[in-house]
Amino acid sequence: MEEMAMERQTAVEIKAYQEELLRRQLHYLNEKSPYYRALFAKHEIDVSRIQTLEDLSRIPTTSKDDIQQHNEEFFCVEPSEVIDYCSTSGTLGRPVSFGLTEHDLERLAYNESRSFRTIGIAKGDIVQLMTTMDRRFMAGLAYFLGLRKLGAGILRVGSGVPQMQWDSILQYKPRFLIAVPSFLLKMIEYAEQHGIDYRNSSVERVLCIGESLRDQHLQDTLLTKRIREKWPIHLHSTYASTEMGAAFTECAAFQGGHVHEDLIITEVLDEFENPVPDGESGELVITTLGVQAVPLLRFKTGDVVRRYSEPCTCGRNTYRIGPVEGRKQHMVKYKGTTLYPPAMHDLLAGFPQIDQHVIEILGNAIGTDEIVVYISAKNPSDELLSDIKDHFRAKLRVTPRIEWRAAEELQKIIFNPMSRKPITFIDKR
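Presented here is an overview of the structure given in this document. As a convention, each chain's residues are numbered from 1 in the sequence order in which they are written. Totals for whole chains, interfaces and linings use all residues, but because this is a predicted model, local features are given only for residues with pLDDT of at least 70 and pairs of side-chain atoms are given and counted only at 80 or more. Only hydrogens and water are set aside when side-chain values are computed; all heavy atoms of the structure are taken into account.

**So, the side chain of H258**
Short version of the rule: Secondary structure counts use DSSP, requiring at least four H or I residues in a row for a helix and at least two E residues in a row for a strand, with both numbered from the N terminus. Any pair of nitrogen or oxygen atoms within 3.5 Å is treated as a polar contact; in protein, a donor-acceptor pairing is required on top of that, and neighbouring residues in sequence qualify only through side-chain atoms on both sides. The contact rule is simple, with two residues in contact once any of their heavy atoms fall within 4.5 Å.
As for its placement among the helices and strands, H258 is situated in strand β9 (residues 257–258). Among the polar contacts made by the side chain of H258, one reaches the side chain of T318 at a distance of 3.1 Å. In this view, H258 contacts A247, F248, T249, C251, C312, C314, R316, T318, Y319 and R320; residues no more than four positions away in its chain are not counted.

**Digging into the packing of aromatic side chains**
Put simply, the test is: Between the rings of Phe, Tyr and Trp (Trp by its six-membered ring), a pair exists once the centres lie within 6.5 Å; its type follows the angle of the planes, with under 30 degrees stacked, over 60 edge-to-face, and the other angles tilted. For every residue, the accessible area obtained with a 1.4 Å probe (protein chains only) is divided by the maximum for its type, and the residue is called buried under 20%, exposed over 50%, and partly exposed between those limits. We count a charge as sitting over a ring when the NZ of a lysine or the CZ of an arginine lies within 6 Å of the ring centre and within 35 degrees of the ring normal.
Tallying each qualifying case throughout the model produces 8 aromatic pairs. Ring geometry for Y35 versus F74: centroids 4.1 Å apart, planes at 20 degrees, classification stacked. Taken as a pair, Y35 in helix α3 (residues 34–42) and F74 in the loop between α4 (64–69) and β1 (84–88) lie far apart in primary sequence, 39 residues in all. The exposure class of Y35 is buried, given its relative accessible area of 11%. Residue classification places F74 among the buried residues on the basis of a relative accessible area of 0%. Judged by centre distance (5.9 Å) and plane angle (80 degrees), the ring pair of Y198 and W231 falls under edge-to-face. Residue Y198 is found in the loop between α8 (181–193) and β6 (205–208), and its partner W231 is found in the loop between α9 (222–230) and β7 (234–241); the two are separated by 33 residues along the sequence. Grouped by ring-pair contacts, the aromatic residues Y35, Y36, F40 and F74 constitute a single cluster. One cation-aromatic arrangement involves R307 over Y319; the distance from NZ or CZ to the ring centre is 4.2 Å.

**Brief notes about helix α10 (residues 341–349)**
Those residues of α10 lying buried are P341, M344, D346, L347, L348 and A349. Buried residues along α10 sit in contact with α9, β17 (337–339), β18 (354–363), β19 (369–377), α11 (382–396) and β21 (425–427).

**Observations regarding the sheet that holds strand β5 (residues 176–179)**
Stated precisely, the cut-off is as follows: A pair of strands counts as paired when DSSP detects no fewer than two bridges linking them. Orientation is described by axes fitted as lines to C-alpha atoms, over the contacting stretch for helices, and by angles from 0 to 180 degrees between their N-to-C directions.
The strand order across the open sheet built from 9 strands is β4-β3-β5-β6-β7-β8-β9-β14-β13, with neighbouring strands paired in mixed fashion. Unpaired on one side and paired on the other, β4 (153–156) and β13 (307–308) mark the two borders of the sheet. Looking at chain direction, strand β3 (residues 126–129) and β4 are connected through 4 bridges and run parallel. Bridge pairing in β4 places L129 opposite R156. The sheet strands contacting helix α7 (residues 162–172) are β3, β4 and β5, and the helix crosses β3 at an angle near 175 degrees.

**A word on the packing of helix α5 (residues 102–118) against helix α6 (residues 138–150)**
Under the convention used in this document: Note on terminology: angles under 35 degrees are roughly parallel, angles over 145 are roughly antiparallel, angles of 65 to 115 are roughly perpendicular, and the others are oblique. Nonpolar residues are Ala, Val, Leu, Ile, Met, Phe, Trp, Tyr, Cys and Pro. Charged residues are Asp, Glu, Lys and Arg, and all others, Gly as well, are polar.
Taken N-terminus to C-terminus, the directions of α5 and α6 make an angle of 75 degrees; their axes are 7 Å apart at the nearest point. Overall, the two elements α5 and α6 adopt an arrangement that is roughly perpendicular. The residues of α6 that touch α5, namely those facing L105, E106, L108, A109, Y110, E112, S113, F116 and R117, are M138, L141, A142, Y143, L145, G146, L147, K149 and L150. Split into classes, the residues belonging to the contact of α5 with α6 amount to 12 nonpolar, 2 polar and 4 charged.

**Focus: the packing of helix α2 (residues 11–32) against α3**
With their axes 6 Å apart at the nearest point, α2 and α3 run at an angle of 100 degrees to one another. The angle between α2 and α3 falls in the class roughly perpendicular. Taking contact as the criterion, the partners of L26, L29, N30, E31 and K32 in α2 are, on α3, P34, Y36, R37 and F40. For the contact of α2 with α3, the class distribution of residues is 5 nonpolar, 1 polar and 3 charged.

**Remarks on the nonpolar core**
Defined as follows: Only buried residues count toward a nonpolar core. Its members are Ala, Val, Leu, Ile, Met, Phe, Trp, Tyr and Cys residues joined through side-chain atoms within 4.5 Å.
Ranked by size, the top nonpolar core spans 47 residues in total, and within it L26, Y36, F40, I59, F248, L284 and L297 carry the most contacts. Take this core: its biggest share by element is 5 residues, from α2. Setting aside anything within four residues of it in sequence, one finds L26 in contact with F40, V47, I50, I59 and L297. Ranked by size, the runner-up nonpolar core spans 24 residues in total, among them M130, I169, Y190 and Y198.

**Side note on the sheet that holds β19**
Read from one edge of the open sheet, 4 strands run β20-β19-β18-β21, paired in mixed fashion. Because the sheet does not close on itself, it has two edges, and the strands there are β20 (401–404) and β21. Going across the sheet, the axis of each strand differs from the next one's by a mean of 20 degrees, ignoring polarity. Across 9 bridges, the pairing between β18 and β19 is antiparallel. Bridging across to β19, L362 finds its partner in E370. This element, α10, spans β18, β19 and β21 of the sheet and lies at about 155 degrees to β18.

Structure representation (structure tokens):
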């Protein structure tokens, strides 16, 4: 079935289609997965009796700890069938490995090609890829495969180095970028310092990864506003993970990322693993569809999101997943207030005077959390520090400890060569 035809089916038709795919996936897991076959036997689950999405609640959830402790048992194929190995961070200290078969790589390419079409990329467009493809990082590989499948031109510039990014933009004139949104501020700063007319460049849209562009009400974050005040381009959020092998990408309505109904089933659950109503926050739990090597069933992502099921103004009837409001294990209880790091990151993004920041969470002797925010600025002052504290008090109702640090010191922490992503949050609890 054509992609847009699927997306324009009724919610009832989409649900029935997902249930058909779910039944196939359960049969595959029961036949091929050592881990899930043992789980079904332990809990006396007859997979033939799981017929609807609602029936999924009869199956226990899977955590990242489960995958880490039984990594090899999650593989459903022989090593000879694995074409690519990716990895993701583990909660118990060591990485978790994921393999992809030829079919899985094609599925990954299909997923991203759909995401790119959602933001308007077509065959022949030039797209600048500003993220790494090495270090067993799935995202960069997925973007490359999706663009290749779509027939777009790809500029593999990689992450960082504003000068190299602008050299490529000015020479090849891409209409689209794939980038971490906060890095766009560095791009703007470099352009202003070097006389580059960035507002009249070829760039029209950016697929933004790694940071939220909208808040829990689907309104622009301070980071998004800062970028667009300077550079009025379209910023599309995309949310994905290695475990999902699928992405939720915003259309031009910017009201959450559309699900790819043939690739993934989602649940949004409360702390007791009960479904929450549409528009209310809960933990995203996913079931992959069509994955061969390492399929997952009711995997708890740890990400706190909201789901929106009403039809989108773009014409798609697929439900949407809102921005990640935080990670369950990163939730901070501070002076009676519950906080998530994204809210603190966005507040700090509202201060253009701040060059770099790192948030550190520590436990104290009385069993509560402490927050320390390290910041650097070209012109540090007591007035700026007081203004930042006032904003924390006004917006988040608490004031953490804030300390100045040299830009070089924070740079080494944020861009650790051993990490594939910038490190701006450190949890030492």
